[in-house]
Amino acid sequence: MQRFNKTILVAFLGLLLTAGCNDILEETTRERFEPGFFKTEEGVVGGLTGLYANLRRVYGQPYYYNATETGTDEYTYGSQADGNFQAADLSGLGIPDAQNSRFDVLWNESYSAINSASAIIANGTEAAMPDELIAEARFFRAYGYALLVQTFGGVPLDLGGGELEFNTAPSLKSVRNTVPEVYTRGVFPDLEQAVEDLPDNPRVIGGVTKNVARLILSKAYLTYAWWLENPNNIPTYPETDRTDPEGMSATQYYQLAYDVATAGIDNPGPYSLQPTYYDVNLAQNDRNSEIMLWADHTEYSAKYNEGNVTGWNGGDAQNQAVWMVTWYFHTIKASSSPTVWESSDAMFRTVQAGQSYSRMWSRMAPSIGVFTNTFADKTTDSRFDGTFTSVYRGTWHYNTGRSETELYGANFMPVGPNEPILSFLPSDPGGIQYDNTYDDGTEAGYLPGRPDYLVPLDKVSRNVFPGLWKLGAYRQGSDYNDDKVSISRPYNILKFSELYFVAAEAAVKGASGIYTARQLINVIRGRAGMWRYDVSQDMERIEDNSAAMQAATPATIDINYILDERSREYFGEGYRWFDLARTQKWEEYAGTYQISPTVGDTPATVNREIEPYMYLRPIPQGQLDRMDGDEAYKDNYQNPGYE
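Rules of the game
Residues numbered from 1 in each chain as written. Predicted model: local features only at pLDDT ≥ 70, side-chain atom pairs only at ≥ 80, totals over all residues. Heavy atoms only, no water. Helix = DSSP H or I, 4+ residues; strand = E, 2+ residues; numbered from the N terminus. Rg over C-alpha atoms; globule rule 2.2 N^0.38 Å. Buried < 20%, exposed > 50% of the residue type's maximum accessible area, 1.4 Å probe, protein only. Contact = heavy atoms within 4.5 Å. Areas by Shrake-Rupley, 256 points an atom, 1.4 Å probe, with all protein chains shown as cover. Lys, Arg positive; Asp, Glu negative; His and termini not counted. Charge placed at Lys NZ, Arg CZ, Asp CG, Glu CD. Polar contact = N/O pair within 3.5 Å; in protein donor to acceptor, adjacent residues only side chain to side chain. Axes fitted to C-alpha atoms, helices over the stretch in contact; angles between N-to-C directions. Parallel < 35°, antiparallel > 145°, perpendicular 65-115°, else oblique. Left-handed = near helix turned anticlockwise from the far one by under 90°. Nonpolar A, V, L, I, M, F, W, Y, C, P; charged D, E, K, R; others polar. Core = buried A, V, L, I, M, F, W, Y, C linked by side-chain atoms within 4.5 Å. Pairing = 2+ DSSP bridges. Salt bridge = Lys/Arg side-chain N within 4 Å of Asp/Glu carboxyl O. pLDDT = per-residue confidence, 0-100. Expected span 1.5 Å × (residues − 1). Phe/Tyr/Trp six-rings, centres within 6.5 Å; stacked < 30°, edge-to-face > 60°. Lys NZ or Arg CZ within 6 Å of the ring centre and 35° of its normal.

1. Regarding the overall build of the protein chain
Within the protein chain, the secondary structure is distributed over 20 helices and 17 strands. Relative to the 2.2 N^0.38 estimate, which gives 26 Å for 643 residues, the radius of gyration of the protein chain is 25 Å and therefore close to what a compact globule would have. With respect to the three principal axes, the spread of C-alpha positions in the protein chain is 80 × 50 × 50 Å. The proportion of buried residues among the 643 residues of the protein chain is 61%. Expressed as a percentage of contacts within the protein chain between residues at least 6 apart in sequence, the contacts between residues at least 24 apart total 74%. Taken as a whole, the protein chain presents about 22600 Å² of accessible surface, with 46% of it coming from carbon and sulfur. When the 51 basic and 84 acidic side-chain charges of the protein chain are each reduced to a single mean position, those positions are 1 Å apart.

2. Some points on the environment of Ser-118
If you trace the backbone, Ser-118 turns up in helix α4 (residues 104–126). Along the backbone, Ser-118 and Ala-137 are 19 residues apart, and their C-alpha atoms lie at a distance of 7.4 Å. For Ser-118, the residues in contact, after removing those within four places along its chain, are Arg-141, Leu-164, Glu-165 and Phe-166. A polar contact of 3.1 Å, which involves the side chain of Ser-118, links it to the side chain of Arg-141.

3. Section: the packing of helix α8 (residues 250–266) against helix α13 (residues 498–508)
For any two helices packed against each other, the geometry comes down to the angle between their axes and how far apart the axes lie. Running from amino to carboxyl end, α8 crosses α13 at an angle of 150°, the nearest separation of the two axes being 8 Å. Considering the angle they form, α8 stands roughly antiparallel to α13. In this structure, α8 meets α13 at a crossing whose hand is left-handed. Across from Tyr-254, Ala-257, Tyr-258, Ala-261, Thr-262, Gly-264 and Ile-265 in α8, the residues of α13 making contact are Leu-499, Tyr-500, Val-502, Ala-503, Ala-506 and Ala-507. In the contact of α8 with α13, the residues fall into 11 nonpolar, 2 polar and no charged.

4. Notes on the environment of Thr-298
Looking at where Thr-298 falls in the secondary structure, it is placed in the loop between β2 (291–295) and α10 (302–305). Once the C-alpha coordinates of Thr-298 and Thr-605 are considered, the two residues, 307 residues apart in sequence, prove to be 42 Å apart. Within the structure, the side chain of Thr-298 is placed 3.1 Å from the backbone nitrogen of Tyr-300, a separation counted as a polar contact.

5. Details of the nonpolar core
Phe-139, Tyr-145 and Leu-494 are the most contacted members of the largest nonpolar core, which totals 171 residues. In terms of residue count, helix α5 (residues 131–152) provides more of this core than any other element does, 14 residues in total. Among all residues touching Tyr-145, those that are not within four sequence positions of it are Tyr-111, Ile-114, Val-155, Pro-156, Leu-157, Leu-159, Leu-164, Val-182, Gly-186 and Val-187.

6. A word on the sheet that holds strand β10 (residues 420–425)
A sheet is described by the order of its strands in space; here 3 strands give the open sequence β7-β10-β11, paired in mixed fashion. Only two strands of the sheet have a single partner each, and these edge strands are β7 (391–393) and β11 (453–456). The mean angle between the axes of side-by-side strands here comes to 10°, regardless of whether they run parallel or antiparallel. Sheet topology note: the β7/β10 ladder contains 3 bridges and is antiparallel. Paired with Arg-393 across the strands is Pro-420, a residue of β10.

7. What to know about the side chain of Ser-382
In this fold, Ser-382 is placed in the loop between α12 (368–374) and β6 (388–389). A distance of 2.7 Å separates the side chain of Ser-382 from the backbone oxygen of Ala-528, its partner in a polar contact. Setting aside anything within four residues of it in sequence, one finds Ser-382 in contact with Tyr-277, Ala-528, Met-530 and Trp-531.

8. Topic: the pattern of salt bridges
Within the structure shown, the criterion is met by 37 salt bridges. Measuring nitrogen to oxygen at the nearest pair gives 2.7 Å for the salt bridge that ties Glu-573 to Lys-470. Placement of Glu-573 in the loop between α16 (559–570) and α17 (576–582) and of Lys-470 in the loop between β12 (467–468) and β13 (491–495) is noted, with a sequence separation of 103 residues between them. Comparing Glu-573 with Lys-470, the two get one shared label, buried. Measuring nitrogen to oxygen at the nearest pair gives 3.0 Å for the salt bridge that ties Lys-495 to Glu-573.

9. With respect to the confidence of the model for the protein chain
On average, residues of the protein chain score 90 in pLDDT, and 92% of them reach the 70 mark or higher. Contacts for the low-pLDDT stretch residues 1–32, under 50 throughout, to residues beyond four places or in other chains number 105 contacts.

10. Side note on the pairing of β10
Of all 6 residues making up β10, 5 are buried, and the element is well covered by its neighbours. Both β10 and β11 contribute to a ladder of 4 bridges, which runs parallel. Within β11, the position partnered with Leu-422 by the bridge is Tyr-453.

11. Observations concerning helix α14 (residues 517–528)
Its 12 residues give α14 an end-to-end C-alpha distance of 17 Å, which sits within 8% of 16 Å, the value for a rise of 1.5 Å per residue. Burial analysis of α14 places 9 of its 12 residues in the buried class, which makes it a mostly covered element. Every buried residue belonging to α14 is among Ala-517, Leu-520, Ile-521, Asn-522, Ile-524, Arg-525, Gly-526, Arg-527 and Ala-528, and all of these are buried. Tucked into the core, α14 has its buried residues touching α8, α9 (277–281), α13, β14 (530–534), α15 (546–551) and α16.

12. A short note on unusual backbone geometry
Here the residue pair Tyr-237 and Pro-238 is connected by a cis peptide bond, since its omega of -10° sits within 30 degrees of zero. Looking at where Pro-238 falls in the secondary structure, it is placed in the loop between α7 (210–229) and α8. At Asn-230, a position not held by glycine, the phi torsion is positive, near 50°. Take Asn-230: it is sitting in the loop between α7 and α8. Since its relative accessible area comes to 11%, Asn-230 is described here as buried. Phi is positive for Phe-412, close to 55°, though the residue is something other than glycine. Mapped onto the elements of the fold, Phe-412 is located in the loop between β8 (407–408) and β9 (414–415).

13. Considering the packing of helix α1 (residues 41–54) against α4
The contact between α1 and α4 brings their axes to 10 Å, and the two run at 165°. Here α1 is positioned roughly antiparallel relative to α4, judged by the angle of their axes. Considering only the axes of α1 and α4, their crossing is left-handed. Counting all contacts with α1, which are made through Val-44, Gly-47, Leu-48, Leu-51 and Asn-54, the residues of α4 involved are Glu-109, Ser-112, Ala-113, Ser-116, Ala-117, Ile-120 and Gly-124. For the contact of α1 with α4, the per-class residue count stands at 6 nonpolar, 5 polar and 1 charged.

14. Considerations on the packing of aromatic side chains
Where two aromatic rings form a pair, the distance of their centres and the angle of their planes describe that pair. Overall, the coordinates contain 46 aromatic pairs when judged by the stated rule. Arranged with centres 5.3 Å apart and planes meeting at 55°, the rings of Phe-103 and Trp-577 form a pair that is tilted. In this pair, Phe-103 sits in the loop between α3 (83–89) and α4 while Trp-577 sits in helix α17, placing the two residues 474 residues apart along the sequence. Relative to Tyr-253, the ring of Tyr-221 lies with its centre 5.9 Å away and its plane at 45°, an arrangement referred to as tilted. You can see Tyr-221 sitting in helix α7 and its partner Tyr-253 sitting in helix α8, a full 32 residues away along the chain. Each member of the aromatic cluster is reached from another via a ring pair, and the members are Tyr-59, Tyr-64, Phe-103, Tyr-491, Trp-577, Phe-578, Trp-586 and Tyr-615. Directly above the aromatic system of Tyr-633 lies the positively charged group of Lys-173, at a separation of 4.7 Å from the ring centroid.

Following this line, the structure appears as structure tokens:
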């Protein structure tokens, strides 16, 4: 494949060494690494640093984020969506194809990392570099293949230099391996060796460890088991029998997934669950003990952030995901007069206001079912509050040019700085007026006696919906006031909590051991019942609902309950399409959704056309264009159903 004809290019871009400080890995910037450089420890460490940096080009990248979420039961397209977001929704405005499917980000960046990892493995092994360093490269190569094979089906293990070999020579041909070949030759061996060779504690903060490898290995076993079982007869490509080369069954792989995941739980190393769900995603607590892998960013250096830290530049490695799911809340107006409507901006566009207020692009919107079904419990379970921004407070006082101590909101009632300007209600209480008397610039309504504008969660639209607090922008410095600056928080990729979900899912599928599915899920649900802060009320809330949460768990857990809990735990984090595709529940969960044409209107039901062939994403057009061969050759390379 032509993309592999380059000598490996790796940017020395560092991992943060300590949370909340600006110490970074010592770096030596080089434009080009020759293979021989990886025969030195300096070269191996530098190459590994480049693999960590590569994560930034996938995680937080807005179009890839869209591809993993839009079209699921979590997100549809928003009011400002372009064709990429509309097509991803599969609701009549196009479909993802070879030209517009943004899983091309995953294809391109994964193969770049895979080839780099192969160079480190081959040359580092020849030079007798430490096993634990080579194991980091093995992890990244296997992780890339695990993502690719679930997304695209069988993919090439030979990039032009031989199977799993580093390639530097131009190659315009490519042959796709089958799914079993990719798993049993490109995923499992590297991960199994990584579990053996990686240390319990990371070489650098944020580095991969034995338990990180266990998590991906258990997920790979689980996903392959589902593929072997194929309960809904979803087609695969290249076509092959759903048999394992070693003669193992789906049942045996479910058991392996369970065994590896529970080994990770029982041998946590430096990882642990945070005491509350709020703590997991609180910006001031980034890089906490629950986060096992992240795509790092920093507000202190444009070089190591790979994007401006004081302005806009739009680089591919910037974290901009949460912008896509943030509505134009700055349109909320108040009055500067208590008697006559004199429009005044109630919201100041600033990152200083905190994690609830990110830049607004409104490309994606949650469907109504998110609030009425997934997060039906908003009082006992802390995860709704720890996921969304459901109250928008006055932020005009952050504008140094504004001197007002109060404005006047709904019903011309006074509103002070940081007091609610707009609130999302759990459901429609009836009686909300939407006559837009105050020309507030939003679709919100109002009720007598309340100064805040109101939006029922069962009437949200593509234009007005709760933002995603958990991924929200935050800066430690006091001199940042530009909401165009990309998010300098790390993008979380892997969490210790997922070991419980993997083991529970495997148990539902028949695996056995000392923990039942209910016991495993109840660890997560018990934590979800613990409160220490109420985001919507912006105040401390010390409350222990763990016993009630655990008592409400069904006696018998099924796969649907696992999927529901996964959405409550990982909503909007880029997990959802992979979860629904793995379990072959995509059409069942996301075939229809509801959203209001305008806030307050009767919700409309929207149908999606999710065809079985779509469970494999299209091979990107850029890949096909780089390959030699006639149209028949390229058509045969592409997944069936796509043009």
